[in-house]
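Single-letter residue listing:
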Amino acid sequence: MVHDQTFYGSDFDALNAFDPDIADVLLSELGRIRSGLQLIASENLSSPAVLTALGSTLSNKYAEGYPGRRYYGGCSEVDKAETLAIDRAKELFGAEHANVQAHSGASANQAVYGAFMKPGEKILAMSLPMGGHLTHGTKVSFSGKWFDAVHYGVVKETENIDYDEVEALAREHRPKVICAGGSAIPRLIDFERFRAIADEVGAIFWVDAAHFIGLVAGKAIPSPVPHADVVTFTTHKVLRGPRSGALVCKQEHAAALDKAIFPMMQGGPQMHTIAAKAVNFKEAMTPEYAQYAKDVIANSQQLAASLLELGIRPTTGGTDTHLALLDLQGIGVTGRDAEARADAAGIVLNKNAIPFDPQKANIASGIRVGTPSVTTQGMGIEQMKTIASLIHRAVTEGDADPDHPVSQEVRAGVTELVDRFPAYPR
Ligand code: DSN
């Protein structure tokens, strides 16, 4: 492909000349990423190819509608990008239909409500404090304000999804939609059991696979796609694409979901992001990506096991996925303090409620750690053992002050790791 070498989209020098304040933010954010350990389970380091598509002139184009059926002229080129993204999503996930226009996971989730529910109707989903998501019927979200949400949780002893409760609540409430998935579920979900429950009560079965879809893409865990009516997801977590969302569904729901995305919930699609999603889906079809997805899980399991050896208990006893949820009650530290102490030492993670948490959400008794970013940097099992020791030291003996001796000592360990396994190597 011949292209104009003088301009293809982004131009950092031009930005720097016009707006050095924002140019500085771009550079200092890159510096922040490079100098610390990024353990936020929902983040990753997308490729230069993905970032290039994001920083392109496709951002300029209005293209309300779908390929071949737009409300604007001049859509011939963006139609190609969206068609590629749709075809690749269908191939990657073995799906009958794909819609790649959702601006985010939350927007994709809105479309599920829009397609299948009227205000006031019932949805059955996991509660947020047990591991669910804001858009699964919490009172502060549109989903809880406009719809009647019934929530299931986990079994106290195992901390795994309480399938008997799901079944009992489904029989009692006969919801329109049953949702599986969430933001802090370390274990695999039994999609067959959910499907059977949904079929018994005549509900739509929706899987919010935002967190684990990247592991599905790499064939490292079982796919929900054959079982669910609709699977929504984000593209920026383990999947390592642009910050965005998408959905795949059975053909019988294609028209309803397409109409729910546009024109019901969204206006013009972000064509630069759709092009970046197409690049991302192509990346996720490679053998290298499949190995990456397996490594993410192996690393996460090692990190959880090493933390357990050090006295920090992973809920459910471990993990099958990219994330572990750690219960800090045994070491007498809150999630809020742990997050601040880790941050001061260059370890970026988040406080998180654990099942049956006695603390408020903004304090929390747990932290959530994930391995997508450090695995992208090439770290493996030995490095996970080191990271566990660094987390343990920072959380148990550290301080929120970056100048505290323990913060500095842990940061030296972090620096040693990120120097050997750089993010965005030069
Ligand atoms: N905020 C995302 C997460 O961190 O899991 C979910 O939307």
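Residues numbered from 1 in each chain as written. Predicted model: local features only at pLDDT ≥ 70, side-chain atom pairs only at ≥ 80, totals over all residues. Heavy atoms only, no water.

A. Seen up close, the environment of Gly202. For Gly202, the location among the structural elements is in the loop between helix H8 (191–201) and strand E8 (204–208). What makes Gly202 exposed here is its relative accessible area of 64%. Here the alpha-carbon distance between Gly202 and Phe142, two residues 60 residues apart in the chain, equals 24 Å. (Helix = DSSP H or I, 4+ residues; strand = E, 2+ residues; numbered from the N terminus. Buried < 20%, exposed > 50% of the residue type's maximum accessible area, 1.4 Å probe, protein only.)

B. Highlighting the sheet that holds strand E12 (residues 323–327). Spatially, the four strands line up as an open sheet ordered E11-E12-E15-E14, and their pairing is antiparallel. Strands with a single pairing partner mark the edges of an open sheet, and in this sheet they are strand E11 (313–314) and strand E14 (350–352). Pairing of E11 with E12 involves two bridges; the strand directions are antiparallel. Residue Arg313 lies in a different strand from E12, and its bridge partner there is Asp327. (Pairing = 2+ DSSP bridges.)

C. Highlighting the nonpolar core. Judged by nonpolar contacts, the single largest core of 59 residues is most densely connected at Phe93 and Phe194. For this core, the element with the most residues is helix H4 (residues 76–93), which contributes six residues. Residues within four places of Phe194 in sequence aside, it is in contact with Tyr152, Ile161, Tyr163, Val166, Ile178, Cys179, Ala180, Ile189 and Phe205. Formed by 32 residues, the second largest nonpolar core is a distinct cluster that contains Ala345, Val374, Met384 and Val406. (Core = buried A, V, L, I, M, F, W, Y, C linked by side-chain atoms within 4.5 Å. Contact = heavy atoms within 4.5 Å.)

D. Just the environment of Arg420, in detail. Among the structural elements, Arg420 can be located in helix H16 (residues 405–420). Sequence-wise, Arg420 and Met379 are 41 residues apart; in three dimensions their C-alpha atoms are separated by 9.0 Å.

E. Expanded view of the sheet that holds strand E4 (residues 97–99). One open sheet accounts for seven strands, arranged E4-E10-E9-E8-E7-E5-E6; its pairing is mixed. One side of each edge strand has no neighbouring strand; the edge strands of this open sheet are E4 and strand E6 (148–152). With direction set aside, neighbouring strand axes in the sheet form an average angle of 20 degrees. Examined bridge by bridge, E4 and strand E10 (residues 245–249) share three bridges and lie antiparallel to one another. The residue bridging Ala98 from the neighbouring strand is Val248, located in E10. Contacts from H4 reach E4, strand E9 (230–234) and E10, with the element oriented near 130 degrees to E4. Seen against the sheet, helix H10 (residues 254–265) touches E4, E9 and E10 and runs at an angle of roughly 0 degrees to E4. (Axes fitted to C-alpha atoms, helices over the stretch in contact; angles between N-to-C directions.)

F. Region of interest: the site of the ligand. Close contacts around the ligand come from Ser42, His133, Ser183, His211 and Arg368, and that covers them all. In this structure, an oxygen atom belonging to the ligand sits 2.7 Å away from a side-chain N or O atom of Ser42. Contact between the ligand and Ser183: an oxygen atom at 3.4 Å from a side-chain N or O atom of the residue. Notes on the ligand: free accessible area 230 Å², of which the protein chains cover 62%. (Near = heavy atom within 4 Å. Polar contact = N/O pair within 3.5 Å; in protein donor to acceptor, adjacent residues only side chain to side chain. Areas by Shrake-Rupley, 256 points an atom, 1.4 Å probe, with all protein chains shown as cover.)

G. Expanded view of the packing of aromatic side chains. All chains considered together, the criterion is met by 13 aromatic pairs. Between the aromatic rings of Phe191 and Phe212, the centroid separation amounts to 6.1 Å while the plane-to-plane angle is 35 degrees, which identifies the pairing as tilted. Taken as a pair, Phe191 in helix H8 and Phe212 in the loop between E8 and helix H9 (213–217) lie far apart in primary sequence, 21 residues in all. Residue classification places Phe191 among the buried positions, given a relative accessible area of 5%. Each member of the aromatic cluster is reached from another via a ring pair, and the members are Tyr113, Phe142, Trp146, Phe147 and Trp206. The side chain of Arg240 reaches across the aromatic face of Tyr292, ending 4.1 Å from its centre. (Phe/Tyr/Trp six-rings, centres within 6.5 Å; stacked < 30°, edge-to-face > 60°. Lys NZ or Arg CZ within 6 Å of the ring centre and 35° of its normal.)

H. Region of the structure containing the side chain of Ser373. Mapped onto the fold, Ser373 is located in helix H14 (residues 372–376). Within polar-contact distance, the side chain of Ser373 engages the backbone oxygen of Glu43 at 3.4 Å. When near neighbours in sequence (up to four residues on either side) are disregarded, Ser373 contacts Gln38, Glu43, Asn44 and Leu45.

I. Molecular detail of the environment of Glu91. With respect to the helices and strands, Glu91 occurs in helix H4. C-alpha separation for the pair Glu91 and Phe281, spaced 190 residues apart in sequence, amounts to 9.1 Å.

J. Summary view of the packing of helix H15 (residues 381–397) against H16. Two numbers describe how H15 lies on H16: the axes approach to 9 Å, and their chain directions differ by 160 degrees. By the angle between their directions, the pair H15 and H16 is classed as roughly antiparallel. Pair H15 / H16 crosses with left-handed handedness. Residue-level inspection shows Gln383, Thr386, Ile387, Leu390, Arg393, Ala394 and Glu397 of H15 in contact with H16, the latter providing Val406, Glu409, Val410, Gly413, Val414, Leu417 and Arg420. Split by residue class, the contact of H15 with H16 holds seven nonpolar, three polar and four charged. (Parallel < 35°, antiparallel > 145°, perpendicular 65-115°, else oblique. Left-handed = near helix turned anticlockwise from the far one by under 90°. Nonpolar A, V, L, I, M, F, W, Y, C, P; charged D, E, K, R; others polar.)

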